[in-house]
Amino acid sequence: MSKVYGRGANEVRALDDVTVDFDRGTFTAVMGASGSGKSTLMHTLAGLDSVSAGRVFIGDLDLTTLTDNELTRVRRDRIGFVFQSFNLLPTLTARQNILLPVDLAGADIDEPRFDALVGSLGLTDRLGHRPSELSGGQQQRVAIARALITLPDVVFADEPTGALDSRTGAALLAYLRLCVREGGQSVVMVTHDPMAASYADRVVLLADGRLAGELHQPTADSVLAALRTLGA
Ligand code: ADP
Ligand code: MG
């Protein structure tokens, strides 16, 4: 697929003929310099933004053929998304933000699952707070809980550990790995951190909107070496 923003002199080719796949039940890190197209890749894969050319599949389903309503349903039922900027609703409490996808789907709240999720993210005593009353790291964890509450087939997370201290970040990464290993969910995560990337099964490298290589069973050292080669 390709993604072009703007036109004429303002044209930016954010993704340039990228072909990539992510196996079900795997954890992938996407890395590359600022502006290399990581967020654009996540948004187009999740059906939040259209592609300029090419196709995007979740399983056999081609997202580029769906109507807006169909796409909304697929995003709601099968995809979790953690935005780089969190995108929490300011007037809702943490609990209400986390449960928003469940409410929108008109589904019943699985309270034990909710309790386990917020407990593992260390949010249990913050559920009544609004986003403005939470730290950046807490807001990020609320955004992560919101993405995971519906047990989506695939979770896209744009720098989910960016605002977390290293201990909370490590707990989140371990939790994402558990979702993959035991829940069979797929996780695609953007990160700048070689240590965070080492939790993944695979690292996909982007440079100037193109694929620039990949690593399997990455370690922090092998990721660092690959980023150096890339000049990122
Ligand atoms: P990354 O997440 O790797 O930093 P992005 O996907 O955000 O990169 O951006 C890739 C390129 O596309 C950059 O040159 C950026 O300026 C451009 N870009 C991203 N979003 C838009 C937009 N909405 N309109 C115009 N250009 C954009
Ligand atoms: Mg980005």
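Residues numbered from 1 in each chain as written. Chains lettered and ligands numbered in written order. Predicted model: local features only at pLDDT ≥ 70, side-chain atom pairs only at ≥ 80, totals over all residues. Heavy atoms only, no water.

1. Details of the sheet that holds strand β7 (residues 154-158)
(1) Moving on: Taken together, six strands build an open sheet; the order of strands is β6-β7-β8-β3-β9-β10 and the sheet is mixed. Among the strands making up the open sheet, the edge pair consists of β6 (79-82) and β10 (210-216). Between one strand axis and the next, the sheet turns through 15° on average, direction left out of account.
(2) Moving on: Direction of pairing for strand β3 (residues 27-31) relative to strand β9 (residues 202-207): parallel, over a ladder of four bridges. Counted as the bridge partner of A29 is V203 from β9.
(3) Moving on: Docked against the sheet, helix α8 (residues 220-230) engages β3, β9 and β10, running at close to 15° with respect to β9. (Pairing = 2+ DSSP bridges. Helix = DSSP H or I, 4+ residues; strand = E, 2+ residues; numbered from the N terminus. Axes fitted to C-alpha atoms, helices over the stretch in contact; angles between N-to-C directions. Contact = heavy atoms within 4.5 Å.)

2. Focus on the nonpolar core
(1) Moving on: If you look at the biggest cluster of nonpolar residues, it comprises 45 residues, and the most contacted ones within it are F27, I98, L148, M189 and V203.
(2) Moving on: Contact partners of I98, with chain neighbours within four places excluded, come to F114, V118, L123, L127, V142, A145, R146 and I149.
(3) Moving on: Within the second largest apolar cluster, 23 residues are counted, among which are V18, L41, L63 and V190. (Core = buried A, V, L, I, M, F, W, Y, C linked by side-chain atoms within 4.5 Å. Buried < 20%, exposed > 50% of the residue type's maximum accessible area, 1.4 Å probe, protein only.)

3. Remarks on the pairing of β10
Successive residues of a regular strand alternate their side chains across the two faces of the sheet.
(1) Moving on: Relative to β10, β9 runs antiparallel, the two being bridged by five bridges. Residue pairing across strands places R202 opposite H216, the latter belonging to β10.
(2) Moving on: Hairpin connection from β9 to β10: two residues lie between these consecutive antiparallel strands, with D208 at a positive phi of about 50°.

4. Focus on the coordination of the magnesium ion (ligand 2)
(1) Moving on: Here the magnesium ion (ligand 2) is held by the protein donor atoms S39 (OG) and Q84 (OE1), which lie 2.1 to 2.7 Å from it. Remark: Q84 occurs in the loop between β6 and α3 (94-104) and S39 occurs in helix α1 (residues 38-45); sequence separation between them is 45 residues.
(2) Moving on: For S39, a relative accessible area of 22% corresponds to the partly exposed category. (Donors = N, O, S within 2.8 Å, 3.2 Å for Na, K, Ca; no water.)

5. Quick word on the packing of aromatic side chains
(1) Moving on: Taken as a whole and judged by the stated rule, the model has two aromatic pairs.
(2) Moving on: Arranged with centres 4.7 Å apart and planes meeting at 50°, the rings of F81 and F83 form a pair that is tilted. Here F81 and F83 have matching classes, each one buried.
(3) Moving on: Aromatic side chains F81 and F156 sit 6.3 Å apart centroid to centroid with 40° between the ring planes, which places their arrangement in the tilted category. In this pair, F81 sits in strand β6 while F156 sits in strand β7, placing the two residues 75 residues apart along the sequence. Of the two residues, F81 and F156, both sit in the buried class.
(4) Moving on: Ring pairs connect the aromatic residues F81, F83 and F156, which therefore count as one cluster. (Phe/Tyr/Trp six-rings, centres within 6.5 Å; stacked < 30°, edge-to-face > 60°.)

6. A word on the site of ligand 1
(1) Moving on: Neighbouring ligand 1 are Y5, V12, A14, A33, S34, G35, S36, G37, K38, S39 and T40.
(2) Moving on: Within the backbone of S36, one N or O atom sits 3.2 Å away from an oxygen atom of ligand 1.
(3) Moving on: Here K38 contributes a side-chain N or O atom positioned 2.8 Å from an oxygen atom of ligand 1.
(4) Moving on: Out of a free accessible area of 560 Å², ligand 1 has 58% covered by protein chains.
(5) Moving on: Breaking the shell around ligand 1 down by element, the ones donating at least two residues are β2 (12-15) and α1. (Near = heavy atom within 4 Å. Polar contact = N/O pair within 3.5 Å; in protein donor to acceptor, adjacent residues only side chain to side chain. Areas by Shrake-Rupley, 256 points an atom, 1.4 Å probe, with all protein chains shown as cover.)

Purely spatial values, then, with no claim about function.
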